[in-house]
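Each chain is listed here by its residues.
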Amino acid sequence: MTLPNGLTPEAARDTAARAYELDRKHVFHSWSAQKSLHPMVITAAQGCYVWDGDGNRLLDFSSQMVNTNIGHQHPKVVAAIQEQAATLCTVGPAYVNDARSEAARLIAERTPGDLDRIFFTNGGADAVEHAVRMARLHTGRYKVLATYRSYHGGTETAVNLTGDPRRWPNDHGNAGVVHFFGPFLYRTQFHATTEAEETERALQHLEQTIALEGPSTIAAVILESVPGTAGIMVPPPGYLAGVRELCDKYGIVFIADEVMAGFGRTGKWFAIDHFDVVPDLLTFAKGVNSGYVPLGGVAIAPHIAATFDDRAYPGGLTYSGHPLATAAAVATINAMTDERIVENAADMGERVIGPGLRELADRHPSVGEVRGLGVFWAVELVRDRATREPLAPYGGTSPAMTETVAAAKAAGLLLFVNYNRVHVVPPCTIGEGEFKEGLAILDQALTVADGHTV
């Protein structure tokens with residue numbers, strides 16, 4: 001028996017042992033205390049599965065960083081990278097190359113409205129940095145409003161926009177960022193009891209924030225169309241349309257962060273398409289080529305792009321629109337179109353994933369709520385359904401969560417976890433049989449969580 005990469009289990013274990021040894025000696029990991037870290041080795045991947053350093057196969061319900069939308073090792077994307085490498089490995093951003101041009105065309109065809117100019121970056125955080133810079137230069141204003149319970153990236157501006165505890169060590173109060181509460185009915189800040197009330201009161205809160213901060217000082221409002229790492233809180237009907245109206249009313253740029261939610265994750269090309277709203281700027285990364293080669297970007301509306309018709313845009317990156325990355329994007333987008341992968345995500349979410357998770361919620365007292373779209377779902381775990389006390393504190397973890405995740409992994413399921421939530425975010429290519437395999441393991445793991453309820 002061999003793994004998908006051709007290694008025997010014995011050879012894979014030897015390779016993994018060497019990789020782990022070198023990792024612990026030389027690699028400095030992100031978002032981690034280095035001394036206590038024991039990272040998992042992945043030696044191979046195929047479709048919806050990965051193999052660990054001991055040769056165990058795990059179903060990847062995390063899509064790694066919620067970015068392998070097309071699955072692991074898609075042959076068309078691998079072939080495109082190989083072909084591009086043989087033709088032209090790299091070229092500076094000032095020069096034209098066909099991979100970048102075609103990727104821009106394909107992305108522009110799928111972005112909402114008239115967002116048909118594409119600025120390429122190396123990833124999502126870079127995209128957010130440049131979207132904010134464009135908004136500030138376009139308006140001549142500096143402040144940016146962002147929600148609590150959000151994530152926009154790890155670079156200086158992006159991490160300050162972020163509304164979760166990863167911001168705290170990096171926030172010195174001088175980034176020009178003001179945070180406000182977005183809608184989240186399950187843990188409402190507005191004492192709402194219905195989605196309509198949550199929408200109305202959240203919009204009133206945003207407009208009041210704009211008024212108190214001074215509309216003439218605010219360059220942009222940035223929102224994840226569907227917040228991802230923060231909890232996959234699908235906005236209630238009318239909210240994003242209301243934000244669009246407020247931005248138009250006060251001359252504020254509306255930035256939609258689609259880094260995690262875009263490219264099929266919610267069952268549409270972009271999550272904002274569910275709400276019939278067109279932002280002024282849209283950031284993307286992750287699913288644009290499933291992370292096979294780092295790539296991100298900003299889709300720009302004509303009135304923003306026109307700001308830089310006769311005025312140089314003061315920003316750029318050496319690897320903007322890198323040929324290997326954009327060739328991977330072309331192959332990814334074409335494969336997603338030809339194989340109806342976005343449609344598969346929508347069908348799986350509506351017909352299989354949503355019903356399956358709701359059935360688990362009915363049987364497990366540890367499940368407070370399930371919510372999501374497409375292949376983008378969160379399972380909120382609680383100690384007490386009545387009080388909604390989370391199974392882990394905001395910004396932290398708990399033995400209950402650690403034991404639940406460990407039980408899933410031991411049974412062959414790799415989960416994406418944040419605080420008291422399990423995120424069910426498999427590749428958009430997942431089939432019904434694969435999902436039900438993972439659901440059965442999750443069902444078993446939730447019995448561990450149930451043991452910590454009151």
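Above this note sits the structure.
Residues numbered from 1 in each chain as written. Predicted model: local features only at pLDDT ≥ 70, side-chain atom pairs only at ≥ 80, totals over all residues. Heavy atoms only, no water.

Thoughts on the overall build of the protein
(1) Moving on: A count of helices and strands for the protein gives 13 helices and 16 strands.
(2) Moving on: Taken against the 2.2 N^0.38 rule, which gives 22 Å for 454 residues, the C-alpha radius of gyration of the protein at 22 Å falls within 12% of a compact globule.
(3) Moving on: When its C-alpha atoms are laid out on the principal axes, the protein stretches across 60 × 60 × 45 Å.
(4) Moving on: Going through the 454 residues of the protein one by one, you find that 56% of them count as buried.
(5) Moving on: Here the contacts in the protein between residues at least 6 apart in sequence split such that 71% fall between residues at least 24 apart.
(6) Moving on: Approximately 18900 Å² of the protein is accessible, and the part contributed by carbon and sulfur atoms is 53%.
(7) Moving on: Positive and negative side-chain charges of the protein, numbering 37 and 51 respectively, have mean locations separated by a distance of 4 Å. (Helix = DSSP H or I, 4+ residues; strand = E, 2+ residues; numbered from the N terminus. Rg over C-alpha atoms; globule rule 2.2 N^0.38 Å. Buried < 20%, exposed > 50% of the residue type's maximum accessible area, 1.4 Å probe, protein only. Contact = heavy atoms within 4.5 Å. Areas by Shrake-Rupley, 256 points an atom, 1.4 Å probe, with all protein chains shown as cover. Lys, Arg positive; Asp, Glu negative; His and termini not counted. Charge placed at Lys NZ, Arg CZ, Asp CG, Glu CD.)

Some remarks on the sheet that holds strand E2 (residues 49–52)
(1) Moving on: Ordered in space as E1-E2-E3-E14, the four strands form an open sheet in which the pairing is mixed. The open sheet has two edge strands, strand E1 (42–46) and strand E14 (413–414), and neither has a second partner.
(2) Moving on: Across four bridges, E1 lies against E2 in antiparallel orientation. Following the sheet pairing, Ala44 is matched in E2 by Trp51. (Pairing = 2+ DSSP bridges.)

Looking at unusual backbone geometry
(1) Moving on: For Lys286, which is not glycine, the phi dihedral falls at a positive 35°.
(2) Moving on: Mapping Lys286 onto the fold places it in the loop between strand E9 (281–284) and strand E10 (296–300).
(3) Moving on: Its identity as a non-glycine residue notwithstanding, Ser290 has a phi of 60°, on the positive side.
(4) Moving on: Tracing the backbone shows Ser290 in the loop between E9 and E10.
(5) Moving on: Using a relative accessible area of 2% as the deciding quantity, one classes Ser290 as buried.

A look at helix H8 (residues 239–250)
(1) Moving on: Taking 1.5 Å per residue, twelve residues should reach 16 Å; H8 reaches 17 Å between its end C-alpha atoms and fits that length.
(2) Moving on: Along H8, the residues classified as buried are Tyr239, Leu240, Gly242, Val243, Arg244, Leu246, Cys247 and Tyr250.
(3) Moving on: Where the residues of H8 are buried, they touch strand E6 (177–180), helix H7 (195–213), strand E7 (218–224) and strand E8 (253–257).
(4) Moving on: Trailing H8 by a residue or two, Gly251 shows a phi angle of about 65°, which is positive. (Expected span 1.5 Å × (residues − 1).)

A few points about the sheet that holds strand E4 (residues 117–121)
(1) Moving on: As summarised here, the arrangement of the seven strands in space is E4-E10-E9-E8-E7-E5-E6, forming an open sheet in which the pairing is mixed. Edge strands, defined here as strands with exactly one partner in the open sheet, are E4 and E6. Neighbour-to-neighbour, the strand axes of the sheet open up by a mean angle of 20°, direction not taken into account.
(2) Moving on: Judged from the three bridges that link them, E8 and E9 form a sheet pairing that is parallel. Across the sheet, the residue bridging to Asp257 is Thr283, located in E9.
(3) Moving on: Along the sheet, helix H4 (residues 98–110) contacts E4 and E9; its crossing angle with E4, the most-contacted strand, is approximately 120°. (Axes fitted to C-alpha atoms, helices over the stretch in contact; angles between N-to-C directions.)

Notes on the pattern of salt bridges
(1) Moving on: What the rule picks out here adds up to 26 salt bridges.
(2) Moving on: For Arg13, the salt bridge goes to Glu10, with nearest N and O atoms at 3.8 Å. Of the two residues, Arg13 and Glu10 both sit in helix H1 (residues 9–26), three residues apart, roughly one turn of that helix.
(3) Moving on: A residue is classified by how much of its surface remains accessible, and Glu10, at 48% relative accessible area, is partly exposed.
(4) Moving on: Ionic pairing is found between Arg18 and Glu21, a salt bridge with its closest N-O pair at 3.7 Å. Of this pair, Arg18 and Glu21 are both found in helix H1, three residues apart, which corresponds to roughly one turn of the helix. (Salt bridge = Lys/Arg side-chain N within 4 Å of Asp/Glu carboxyl O.)

A word on helix H13 (residues 432–450)
A turn of α-helix holds 3.6 residues, and therefore any two residues three or four places apart point the same way.
(1) Moving on: For H13, built from 19 residues, the straight-helix expectation of 27 Å at 1.5 Å per residue is met to within 8% by its first-to-last C-alpha distance of 26 Å.
(2) Moving on: For H13, the complete set of buried residues consists of Phe435, Gly438, Leu439, Ile441, Leu442, Asp443, Ala445, Leu446, Ala449 and Asp450.

Here we look at the packing of aromatic side chains
(1) Moving on: Tallied over the entire structure, the rule returns ten aromatic pairs.
(2) Moving on: Judged by centre distance (6.4 Å) and plane angle (75°), the ring pair of Trp31 and Tyr151 falls under edge-to-face. Separated by 120 residues along the polypeptide, Trp31 in the loop between H1 and E1 and Tyr151 in the loop between strand E5 (143–147) and helix H6 (156–161) bring together distant segments of the chain.
(3) Moving on: A ring pair is formed by Phe308 and Tyr313, whose centres lie 5.2 Å apart and whose planes are at 80°; its orientation type is edge-to-face. (Phe/Tyr/Trp six-rings, centres within 6.5 Å; stacked < 30°, edge-to-face > 60°.)

Looking at the side chain of Ser290
(1) Moving on: Among the polar contacts made by the side chain of Ser290, one reaches the main-chain amide nitrogen of Asn69 at a distance of 3.1 Å.
(2) Moving on: Polar contacts involving the side chain of Ser290 include one to the main-chain amide nitrogen of Ile70, which spans 2.8 Å.
(3) Moving on: With near-sequence residues (within four places) excluded, Ser290 lies in contact with Asn67, Thr68, Asn69, Ile70 and Thr332. (Polar contact = N/O pair within 3.5 Å; in protein donor to acceptor, adjacent residues only side chain to side chain.)

Things to note about the pairing of E2
Side-chain direction in a regular strand flips from residue to residue, so the side chains alternate between the two faces of the sheet.
(1) Moving on: Residues Tyr49 and Trp51 of E2 are buried on one face, and the alternating residues Val50 and Asp52, pointing to the opposite face, are buried as well.
(2) Moving on: Connecting E1 to the next strand, E2, in antiparallel fashion are two residues, including Gly47 with a positive phi near 60°.
(3) Moving on: Sheet topology note: the E2/strand E3 (residues 57–60) ladder contains three bridges and is antiparallel. Pairing of Tyr49 across the sheet is with Leu59, part of E3.
(4) Moving on: Between E2 and E3, which pair antiparallel and follow one another directly, the connecting turn spans four residues, one of which, Gly55, has a positive phi of 85°.

Coordinates in, geometry out; function isn't part of it.
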